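Tertiary structure, described
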Amino acid sequence: MDVNIEHTWKEALRDEFEKPYFASLVRFLHDEKDAGKVIYPPGSLIFKAFELTPLPEVKVVILGQDPYHGPRQAMGLSFSVPSDVPAPPSLKNIFKEIQTDLGITMSGNPDLQSWARQGVLLLNAMLTVRAGEAGSHKAIGWQEFTDAVIKCISDKCEGVVFLLWGNFARGKKALIDTTRHHVLEAAHPSPLAGGAFFGCRHFSRTNELLIKEGKSPVNWQL
């Protein structure tokens, strides 16, 4: 099966694309489209995170759950929306924490592609969603695929910083070799978490860990 994904990922995940669950996933998406369902993000953006952050360049992983399910929001990067779309509440809280943690002023630009180009893999556990229906594609096979992605990073990379926010993301810790990588855990940045995310200082801590690993820190400012 030919999947349009960046070549280093395509090679590393070649076995996944040949498994029955992935063929079933692709069929499901085609059936949804044939039935007139609107799927986010658009097909050309489903693997955008991989395009912007090739496997050898991954140094940070920020794990999200579902793509945004509103019009024009989902762009294939966890927590990110295009620059002409208002920042969702969770992203606003991420920006607040960055400002407090690092003492910098964020522009409010909600497009996180500059992070991705610096080696921050913005990975959602589910890569598609039906318009207006959160979690609608959680059982079609994406989690098996993205679990394989996390394990691939754990096996093939060194000294990656995984940021696991909220119980769902924390549940992926078992896939990560913590003797080779760093895991930082916090509450989810959603307002529904009652502000428990604030004070985690994950952005300064990430850069401290990267520097210790001999890697360049991330410029979080947008």
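Residues numbered from 1 in each chain as written. Predicted model: local features only at pLDDT ≥ 70, side-chain atom pairs only at ≥ 80, totals over all residues. Heavy atoms only, no water.

Considerations on the overall build of the protein
A count of helical and extended segments in the protein gives nine helices and six strands. In terms of overall dimensions, the protein is globule-like: its C-alpha atoms have a radius of gyration of 17 Å, near the 17 Å expected for 222 residues. When its C-alpha atoms are laid out on the principal axes, the protein stretches across 50 × 35 × 25 Å. The buried share of the protein, taken over its 222 residues, is 52%. Put simply, 67% of the contacts in the protein that link residues at least 6 apart link residues at least 24 apart. (Helix = DSSP H or I, 4+ residues; strand = E, 2+ residues; numbered from the N terminus. Rg over C-alpha atoms; globule rule 2.2 N^0.38 Å. Buried < 20%, exposed > 50% of the residue type's maximum accessible area, 1.4 Å probe, protein only. Contact = heavy atoms within 4.5 Å.)

Thoughts on the packing of helix H5 (residues 89-102) against helix H9 (residues 202-212)
Orientation of H5 relative to H9, taken along the N-to-C sense of each, is 60 degrees, at an axis distance of 8 Å. The angle between H5 and H9 falls in the class oblique. Only His202, Phe203 and Ser204 of H9 make contact with H5, whose side of the interface consists of Ile94, Glu97, Ile98, Asp101 and Leu102. Classifying every residue of the contact of H5 with H9 gives four nonpolar, two polar and two charged. (Axes fitted to C-alpha atoms, helices over the stretch in contact; angles between N-to-C directions. Parallel < 35°, antiparallel > 145°, perpendicular 65-115°, else oblique. Nonpolar A, V, L, I, M, F, W, Y, C, P; charged D, E, K, R; others polar.)

Some remarks on the pattern of salt bridges
In the structure shown here, the tally under the stated rule is twelve salt bridges. Here aspartate 84 and arginine 72 are joined by a salt bridge, their closest N and O atoms 3.3 Å apart. Residue aspartate 84 is found in the loop between strand S2 (60-64) and H5, and its partner arginine 72 is found in the loop between S2 and H5; the two are separated by twelve residues along the sequence. Residues aspartate 84 and arginine 72 agree in their burial class; the two are exposed. Here the residues in one salt-bridge network are Glu32, Arg130 and Glu133, joined through shared partners. (Salt bridge = Lys/Arg side-chain N within 4 Å of Asp/Glu carboxyl O.)

What about the nonpolar core?
Trp9, Trp115, Trp142, Phe145 and Ile153 are the most contacted members of the largest nonpolar core, which totals 68 residues. When residues no more than four places from it in sequence are discounted, the contact partners of phenylalanine 145 are Leu13, Glu16, Phe17, Tyr21, Phe22, Phe47, Phe50 and Leu127. (Core = buried A, V, L, I, M, F, W, Y, C linked by side-chain atoms within 4.5 Å.)

Let's talk about the sheet that holds S2
Pairing is parallel across the open sheet formed by four strands, whose spatial order is S3-S2-S5-S6. The two strands at the open ends of the sheet, each matched to only one other strand, are strand S3 (120-124) and strand S6 (182-186). In this sheet, neighbouring strand axes are inclined to one another by 20 degrees on average, regardless of whether the strands run parallel or antiparallel. Sheet analysis places S2 next to S3, joined by five bridges and oriented parallel. (Pairing = 2+ DSSP bridges.)

Structural notes on the packing of aromatic side chains
Overall, the coordinates contain 17 aromatic pairs when judged by the stated rule. One aromatic cluster is present, formed by Trp9, Phe17, Tyr21, Phe22, Phe47, Phe50, Trp142 and Phe145 through successive ring pairs. (Phe/Tyr/Trp six-rings, centres within 6.5 Å; stacked < 30°, edge-to-face > 60°.)

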